[in-house]
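What the coordinates show
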Amino acid sequence: MNSSEKNSSDTVVIRRNPTRAVRIGSIWIGGGHPIAIQSMCATKTTDVQATVAQVNHLAASGAAIVRIAVDTNADAEALREIRPQTAANLSVDIQENYRLASVVAPMVDKIRYNPGHLYHHERSRPWQDKVRFLVDVAGQHGCAIRVGINCGSVDPAKRDKYLPHDTVHPMLDSALEHAELLDSLGWTQYCVSLKDSDPQKVIQVNRMFAQRRPDVPIHLGVTEAGIPPQAIVKTRIALEPLLREGIGDTIRVSLTVPAEDKHQEIQAAQQILEDVAAGRVLDQAAVGQQGLNIISCPGCSRVENTVFIELARRVQEATAEFASYPIKIAVMGCRVNGPGETDQADIGLWCGPSFVNLKRGTELLGPVSYEEIIHRLRQEIALLVAQRYANRPH
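Conventions and cut-offs
Residues numbered from 1 in each chain as written. Predicted model: local features only at pLDDT ≥ 70, side-chain atom pairs only at ≥ 80, totals over all residues. Heavy atoms only, no water. Phe/Tyr/Trp six-rings, centres within 6.5 Å; stacked < 30°, edge-to-face > 60°. Helix = DSSP H or I, 4+ residues; strand = E, 2+ residues; numbered from the N terminus. Buried < 20%, exposed > 50% of the residue type's maximum accessible area, 1.4 Å probe, protein only. Lys NZ or Arg CZ within 6 Å of the ring centre and 35° of its normal. Polar contact = N/O pair within 3.5 Å; in protein donor to acceptor, adjacent residues only side chain to side chain. Contact = heavy atoms within 4.5 Å. Pairing = 2+ DSSP bridges. Axes fitted to C-alpha atoms, helices over the stretch in contact; angles between N-to-C directions. Expected span 1.5 Å × (residues − 1).

**Thoughts on the packing of aromatic side chains**
Counting across every chain of the model gives 2 aromatic pairs. Ring geometry for Tyr325 against Tyr389: centres 5.4 Å apart, planes inclined by 40°, an arrangement best described as tilted. Of this pair, Tyr325 sits in the loop between helix H10 (307-318) and strand E14 (328-332) while Tyr389 sits in the segment after helix H12 (373-388); the two residues are 64 residues apart in sequence, bridging distant segments of the chain. Residue class for Tyr389 comes out buried when judged on its relative accessible area of 16%. Geometry around Phe133 places Arg99 over its ring, the cationic atom sitting 5.0 Å from the centre.

**Looking at the side chain of Thr256**
Summarising the element assignment, Thr256 is placed in the loop between strand E12 (250-251) and helix H9 (263-278). Take Thr256: its relative accessible area is 0%, and that puts it in the buried class. Of note is the side chain of Thr256, whose polar atom sits 2.8 Å from the backbone oxygen of Cys297. With sequence-adjacent residues up to four places away left out, Thr256 is seen in contact with Gly226, Ile227, Pro228, Ser296, Cys297, Pro298, Phe308, Ile309, Ala312 and Arg313.

**Some details on the sheet that holds strand E6 (residues 65-69)**
Strand order in this closed barrel of 8 strands is E5-E6-E7-E8-E9-E10-E11-E12, and the pairing throughout is parallel. One ladder, built from 4 bridges, connects strand E8 (residues 110-113) with strand E9 (residues 144-150); its direction is parallel. Within E9, the position partnered with Arg112 by the bridge is Arg146. The sheet contacts of helix H6 (residues 168-184) involve E8, E9 and strand E10 (190-195), and relative to E10 the element is tilted by about 175°. H9 rests against strand E5 (36-40) and E12 of the sheet, and its axis sits at about 155° to E5.

**Concerning helix H7 (residues 199-212)**
Since one α-helical turn is 3.6 residues long, residues separated by three or four positions face the same way. A rise of 1.5 Å per residue sets the reference length of H7, with its 14 residues, at 20 Å; its end C-alpha atoms lie 20 Å apart and thus fit the reference within 8%. On its buried face, H7 sits against H6, E10, strand E11 (218-220) and helix H8 (230-244). N-cap assignment for H7: the residue whose side-chain oxygen lies 2.9 Å from the backbone N of Gln200 is Asp198.

Next up, the structure:
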């Protein structure tokens, strides 16, 4: 049975599933607590001054949790300087090197790890041992854990069991497996996220997980949603039905915007929660995605060239004439989800420091300069349209 929750204005109600309560710094998620909004820093973590400023700005804008990427010892040392300068609840985002958790745990309130990237470091060590290490570290320092599963970086062992375009079942299997291990270790202070760039898959996989594990708090979001306002529409398509069903204890709206505009993520999330609580939701049938779908990551410390944010906008403008064709274009800024998301797209732009890796599905067409990429992209789209839709009426 769902429980009721009033929002901060105490005037409207969102139905909630009875998940367990998990403490993240000064707040709780699940267990009937208010749905927490979160965001992530887009600054370089090693730029301490800029990161502190962004953390505090996001917190002041309404972010209950702010996530920071840490990939190196230099990032970890920067976090040591950042922590005393903010009272925000901090989540650390760890991808390949899980051992960094022991360095940063004293400075954060939550550790996010990605099951799809655990295999990178110490490949001969079983992933179960790595999770035990993370649990020990989290327990010593009072951190919560998020099992953060993403369609662009699914555990290879799970992905290989299913058809190439099935990201739902590999994600679900991974989430259930990790939740089972955490339970067996006696660790209950965790939540799970299952994110896809396709809103319908977000709905499907989170419904399936919530049905199997109604006790586990869920972090909702659409990964690589892209540029607003289209990205906000995609996120609403995914989150509104789930929130109305009582699924979701914390949410993030991922937007491809410059670092100084990251507060827009929080504003969009606040509006979604207010609208769902008041019954103002999108007509799902009317906004179903039939045409061109541009996905792009929101940017973080891992981005190798911040030009990719402007590139995403240029791609949107340059492809307007193809808007009616059901083609997926991925514009990705780093290695974490770049390879996987571009593999799943019809045309992928995986942005490096000085050039763009242009892909057609899994085929690498080659490196292209930032100056030439729009011209090449339009050529590839025109070729794809001619091959697929030659007989389609205009």
